[in-house]
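Spelled out, the chains give:
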Amino acid sequence: ARLTEAGLDRWAQDTNGAPFTQETKDELHEYFDVTNKGHLTFKGFLQLYALQTENDEEETWQDLSKHGVT
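Residues numbered from 1 in each chain as written. Predicted model: local features only at pLDDT ≥ 70, side-chain atom pairs only at ≥ 80, totals over all residues. Heavy atoms only, no water.

### Some thoughts on the overall build of the protein
Within the protein, the regular secondary structure consists of four helices and two strands. In summary, the protein has a C-alpha radius of gyration of 12 Å against a globular reference of 11 Å for 70 residues, a match within 12%. The principal-axis extent of the C-alpha atoms belonging to the protein is close to 35 × 25 × 20 Å. Taken over 70 residues, the protein has a buried fraction of 27%. Of the contacts made within the protein by residues no fewer than 6 positions apart, 39% connect residues no fewer than 24 positions apart. Between the mean site of the 6 positive side-chain charges and the mean site of the 14 negative ones, the protein shows a separation of 12 Å. (Helix = DSSP H or I, 4+ residues; strand = E, 2+ residues; numbered from the N terminus. Rg over C-alpha atoms; globule rule 2.2 N^0.38 Å. Buried < 20%, exposed > 50% of the residue type's maximum accessible area, 1.4 Å probe, protein only. Contact = heavy atoms within 4.5 Å. Lys, Arg positive; Asp, Glu negative; His and termini not counted. Charge placed at Lys NZ, Arg CZ, Asp CG, Glu CD.)

Here it is as structure tokens:
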């Protein structure tokens with residue numbers, strides 16, 4: 001499983017109200033697991049949310065609630 005750039009933009013738009021900036025996308029590619037085409041893998045997605053949760057658990061719950069997790 002992977003998120004293409006378009007999929008990542010949709011996730012960010014639905015979660016944060018705007019697509020990720022290019023700077024944020026560059027950081028995702030640098031620090032998290034991506035395919036050779038630069039798509040965020042499921043492992044990378046989990047890495048992203050694990051890091052966010054370590055720093056701000058409430059923000060993670062807010063993000064997840066926007067996608068129907070209660």
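### Section: the nonpolar core
Core analysis: the biggest nonpolar cluster contains 10 residues, these being L8, W11, A12, F20, L28, F32, L40, F45, L48 and Y49. Among the secondary structure elements, those contributing two or more residues to this core are α1 (5-16) and α3 (42-55). (Core = buried A, V, L, I, M, F, W, Y, C linked by side-chain atoms within 4.5 Å.)

### Section: the layout of surface pockets
Reported here for the largest pocket is a volume of approximately 290 Å³. Contributing to the lining of the largest pocket are 15 residues, with F20, T24, L28, L48 and Q52 lying nearest its centre. For the lining of the largest pocket, the secondary-structure elements that each account for two or more residues are α1, α2 (22-31), α3 and α4 (57-65). Residue composition of the lining of the largest pocket, by class: eight nonpolar, four polar and three charged. (1 Å grid on protein atoms, 1.4 Å probe; cavity = no way out; pocket = protein on both sides within 12 Å on 5 of 7 lines; lining within 4 Å. Points joined across faces, edges and corners; volume = space filled by probe spheres on them. Nonpolar A, V, L, I, M, F, W, Y, C, P; charged D, E, K, R; others polar.)

### Concerning the pattern of salt bridges
Any two side chains of opposite charge can pair, on the condition that their charged atoms come close. Summed over the entire model, instances satisfying the criterion amount to two salt bridges. Close ionic contact of K25 with E5 constitutes a salt bridge, the shortest N to O distance being 3.0 Å. In this pair, K25 sits in helix α2 while E5 sits in helix α1, placing the two residues 20 residues apart along the sequence. K25 is paired through a salt bridge with D9; the nearest N and O atoms lie 2.9 Å apart. Separated by 16 residues along the polypeptide, K25 in helix α2 and D9 in helix α1 bring together distant segments of the chain. (Salt bridge = Lys/Arg side-chain N within 4 Å of Asp/Glu carboxyl O.)

### Thoughts on α3
With 14 residues, α3 ought to run about 20 Å at 1.5 Å a step, and its terminal C-alpha atoms sit 20 Å apart, in line with that. Listed as buried for α3 are G44, F45, L48, Y49 and Q52. In an axial view of α3, the angular spread of the buried residues amounts to 130°, which keeps them on one side of the axis. Opposite its buried face, α3 presents the exposed residues K43 and E54, each directed more than 90 degrees away. Taken together, the buried residues of α3 touch β1 (2-3), α1, α2, β2 (40-41) and α4. (Expected span 1.5 Å × (residues − 1). Arc of directions from axis to C-beta.)

### Brief notes about a negative patch on the surface
Where like charges cluster on the molecular surface, the negative patch consists of E23, D26, E27 and E30. Mapped onto the elements of the fold, E27 is located in helix α2. (Patch = residues over 30% accessible without salt bridge, like charges linked within 9 Å, V, L, I, M, F, W, Y side chains within 5 Å. Areas by Shrake-Rupley, 256 points an atom, 1.4 Å probe, with all protein chains shown as cover.)

Worth remembering: the numbers are spatial, not functional.
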